[in-house]
Each structure stands twice: as C-alpha cells, then as structure tokens.
Amino acid sequence: MPQTTEKGAGGRAAARRAPGGPDDTAAAGLEQALHTGPFHLALRAALAARGLPLQRVQHHLAGRGIKVGVTSLSYWQQGARRPQRAESLRAVRALEELLRLPGDSLIRLLGPVAVPGDVERPATRSYRALVKASDALEGLLAELEFPADGGLHTVGHHERVRIGAGRELVGRDSQHVVRAHRDGIDRYLAIHHGDPGCDPARVAVRARENCRTGRVRWDADSGVVVAELLFDTRLRAGETYLFGYAVDDGTGGPSSEYVRGFSFTGGQYMLQVRFDEQALPVRCRRFAQTSAGAARGARKDLTLSGRHGTVHLVEQGVRAGILGIDWDWE
C-alpha cells in the first residue's frame, strides 16, 4: 500500500494581536491573506499590520544569524520572487515569529515549491491512482487530517510477508529508510489493505525500532487500516530515518497476491513472501502496474525456494506505481 507520512506541526490559525497591534480592519485583512494567500500578499499584509520597515526586518533576521537582503525581502512581498533555498525558508519561519504569526502560516502558502536547497521532491502519484479502495482510504486520511504529501520519500524498504497454513495473510514486517524532503516531519503513515473477508478491527500494527504507534483508524467495508508511526525526532529536510514496524492480520480469506503502491519515484524495494510448508503455491510471478486499474505488466515467473518456501523481488529504482507478487494455489 502507498507510503506516506503526516507532517509534523502546522495548520491554520487566526493571526494573534498584541495590545497596541493593528486595528480591526487590518487584522481582518491579514487573517484573510493568511487563509487564502498568495504568499506575497500575506507577507505584505503582515509587514503592514506590524508597521515594520524592511530595513528593521533585515536587522532582526541578521540578529538571528539569517542573512537576507532588503532587495530580496522587497521582491518577496511584491511577488517577483519566491523563497526556495534553505536559508530563505529559514528566514520565512523567522518572519512568522518576528511578525507574531501562527506557525507555518507563511510556509504553507509556498506549497510544493518550498523544497529546501538541493533536497528534491521525487515524482509522485496520488492515492486514487494506487489503491482500489481509494474512497475509503481518502476518508480515513481526511479523518487524520493527513496531507497529500506527507513530506517523506523512500530510500530503502525491506518487506517480509507471511502466508499461513490456511492460505491466509498472517502478517508482514517492514524495515524502512526514508528521507524528508521538507522540515518538521516526525511521523509516517502505514497503510494496510486486508484480503476479502478480513476484520480490520482485529488487525494490529506494532511499532518496532525507532518509532511508536500513534492513532489507528480502519474501514470495515474495505478492510483498509491506517496507522501513524511516530518518530523519536523531528526531521529536517534532507535527513534520513530508519524505523521498523509489523502488521498482524490473519483475519482474511485465502490470499492470492501481495501488492504495494509507491507514491514516489526512487529508492530500493525488496519484497519476500514466505509460505507455510503446508500451503505451497504451484506458481508465483512478479508484476508491475502504472495504476490500480491498469493491466499488469513486467511479469516474471519466480522460483519457489523448496527449503524455505519463499519467493522475492528486488527493485533498485522504484517508479511511482505498483509492484507485487501473485501466486496460484492450483
């Protein structure tokens, strides 16, 4: 299922006014600008509301060790340029404090453009393109207030799936290395889609190394489970993080495939499927899809290890889309 993670802090809030601050009209205009954007109008409104000339703003930023020219500040409030580099984004966050604005109120208006320095945000695909039960998933993501881009992409992912004696998906174990492509990321959202007949209320998501389980939500009709995995730190853009987790299922009917969707391009993925010695399939194949509704291609037969009852695939440079292994029981 698709990989993604909820951003750390942020969200909308009304601009705060201190005694002696802007009058009601200016405050209303600033609040509206922070709510709707664009960035340059919100910055201009905040500067006007606080009555700070650009030279004073530059002086305050320099006192925090942030070097930004008056010309750059002027371009930003005119919309002639947008802050994009790491130092510029540091300046925007400092401006939020200096101008007494809610956290992330200016940063969020920069949208996907706000990628620090040379930390590239990989090409991405939407959940709707990757998951058959996309309506149920999107409802759960909305309940968790989860953004379209969770701020992480995969560097390496090793996944081990276990199929039981009754041909059911017993569970899976994941060891994951991710990289943040923006500041402030402190969690990952694990998504599990059970086989037909599964009971998502009985599916357990267990945090292992370097994380702990947060909120868990599920949809009974589709069998989709989403769970937050909370990190021990808040990542800066460009930083990597290694964590592990497991999903215990065993509630569904006979399983015939394991599928994983990738929202982002890049990284290495290894999938191993282990079958109980009492339930070995007669044929296994790997496959790829561009979307959940597309035909399966890149098929290749996989030889089952007789001694260990396993098959696996390794993809060195994952493309946004779907990879998986399916098998025939008869």
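Note that the coordinates shown come from a computational prediction; the quantities given were computed from them, not determined experimentally. (Residues numbered from 1 in each chain as written. Predicted model: local features only at pLDDT ≥ 70, side-chain atom pairs only at ≥ 80, totals over all residues. Heavy atoms only, no water.)

1. Let's talk about the overall build of the chain
On a plain count of helices and strands, the chain comes out with 7 helices and 13 strands. Split into buried and exposed, the 330 residues of the chain put 49% on the buried side. A sequence separation of at least 24 residues applies to 74% of the contacts in the chain between residues at least 6 apart. Just so you have it, the chain exposes about 15,500 Å², and 46% of that area is on carbon and sulfur atoms. (Helix = DSSP H or I, 4+ residues; strand = E, 2+ residues; numbered from the N terminus. Buried < 20%, exposed > 50% of the residue type's maximum accessible area, 1.4 Å probe, protein only. Contact = heavy atoms within 4.5 Å. Areas by Shrake-Rupley, 256 points an atom, 1.4 Å probe, with all protein chains shown as cover.)

2. What to know about the sheet that holds strand β11 (residues 297–302)
Taken in spatial order, the 4 strands make up an open sheet running β8-β13-β10-β11, and their pairing is antiparallel. If you trace the sheet from one side to the other, it starts and ends with β8 (257–262) and β11, each paired once. Looking at each pair of strands side by side, their axes are set apart by 15° on average, direction ignored. Where strand β10 (residues 283–289) meets β11, 4 bridges bridge the pair, whose relative direction is antiparallel. What sits directly across from R286, in β11, is K300. (Pairing = 2+ DSSP bridges. Axes fitted to C-alpha atoms, helices over the stretch in contact; angles between N-to-C directions.)

3. As for unusual backbone geometry
One non-glycine residue, R167, lies in positive phi territory at about 70°. Along the polypeptide, R167 turns up in the loop between β1 (152–163) and β2 (169–180). Unusually for a residue other than glycine, N210 sits at a positive phi of about 65°. Tracing the backbone through its elements, the reader meets N210 in the loop between β4 (204–207) and β5 (211–219). A residue is classified by how much of its surface remains accessible, and N210, at 34% relative accessible area, is partly exposed.

4. Considerations on helix α3 (residues 54–63)
Structurally, the α-helix is built with 3.6 residues per turn, so residues lying three or four positions apart point the same way. When we look at burial in α3, the residues that qualify are L54, V57 and L61. All buried residues of α3 lie within an arc of 55° about the axis, which places them on one face of the element. Structural note: α3 exposes Q55, H59 and G63 on the side pointing more than 90 degrees away from its buried face. In this fold, the buried residues of α3 make contact with α2 (39–50), α4 (70–78) and α5 (86–98). Backbone geometry just downstream of α3 places G65 in the positive-phi region, at approximately 80°. (Arc of directions from axis to C-beta.)

5. Brief notes about the sheet that holds β5
Reading across the sheet, the 3 strands line up as β3-β6-β5 and stay open at both edges, with antiparallel pairing between neighbours. Lying at the two open borders of the sheet, with one neighbouring strand each, are β3 (185–193) and β5. This sheet shows a mean twist of 20° between the axes of neighbouring strands, independent of strand direction.

6. Overview of the packing of aromatic side chains
Under the definition given, this model contains 9 aromatic pairs. Between F275 and W329, the aromatic rings sit 5.9 Å apart at their centres with planes inclined by 90°, giving edge-to-face as the arrangement. Highlighted residues: F275 in strand β9 (residues 268–275) and W329 in the segment after β13 (321–328), separated in sequence by 54 residues. Of the two residues, F275 and W329, neither departs from the other in class, the shared state being buried. Chaining the aromatic ring pairs together yields one cluster made of Y188, F231, Y241, F243 and Y245. Here R296 stacks its cationic end above the ring of F287, 3.9 Å away from the centre of that ring. (Phe/Tyr/Trp six-rings, centres within 6.5 Å; stacked < 30°, edge-to-face > 60°. Lys NZ or Arg CZ within 6 Å of the ring centre and 35° of its normal.)

7. Side note on the side chain of R285
Structurally, R285 can be placed in strand β10. Taking relative accessible area as the criterion, R285 reaches 13% and is therefore assigned buried. At a separation of 3.1 Å, a polar atom in the side chain of R285 contacts the side chain of D328. With near-sequence residues (within four places) excluded, R285 lies in contact with R299, K300, D301, L302, G324, I325, D326, W327 and D328. (Polar contact = N/O pair within 3.5 Å; in protein donor to acceptor, adjacent residues only side chain to side chain.)

8. Concerning α2
With 12 residues, α2 extends 17 Å from end C-alpha to end C-alpha; this agrees with the ideal 16 Å at 1.5 Å per step. Along α2, the residues that are buried comprise F39, A42, L43, A46, L47, A49 and R50. Angularly, the buried residues of α2 cover 165° about the axis, an arc narrow enough to put them on a single face. Of the residues trailing α2, G51 is marked for its positive phi of about 70°. (Expected span 1.5 Å × (residues − 1).)

9. Notes on the environment of L271
Looking at the secondary structure, you find L271 in strand β9. Assessed through its relative accessible area of 0%, L271 is described here as buried. Spatially, the C-alpha atoms of L271 and V259 are 9.7 Å apart, while their sequence positions differ by 12 residues. Other than its neighbours up to four places away in sequence, L271 contacts E159, V161, Y258, V311, H312, L313 and I325.

10. Things to note about the packing of α3 against α4
Close contact between α3 and α4 brings their axes to 9 Å; oriented N to C, the two are set at 115°. The two elements α3 and α4 meet at a crossing, and its hand is right-handed. Along the contact surface, α3 presents L54, Q55, V57, Q58 and L61, while α4 presents V70, L73, S74 and Q77. Considered class by class, the residues forming the contact of α3 with α4 number 5 nonpolar, 4 polar and no charged. (Left-handed = near helix turned anticlockwise from the far one by under 90°. Nonpolar A, V, L, I, M, F, W, Y, C, P; charged D, E, K, R; others polar.)

From the geometry alone we can't say anything about function, so treat these as descriptive.
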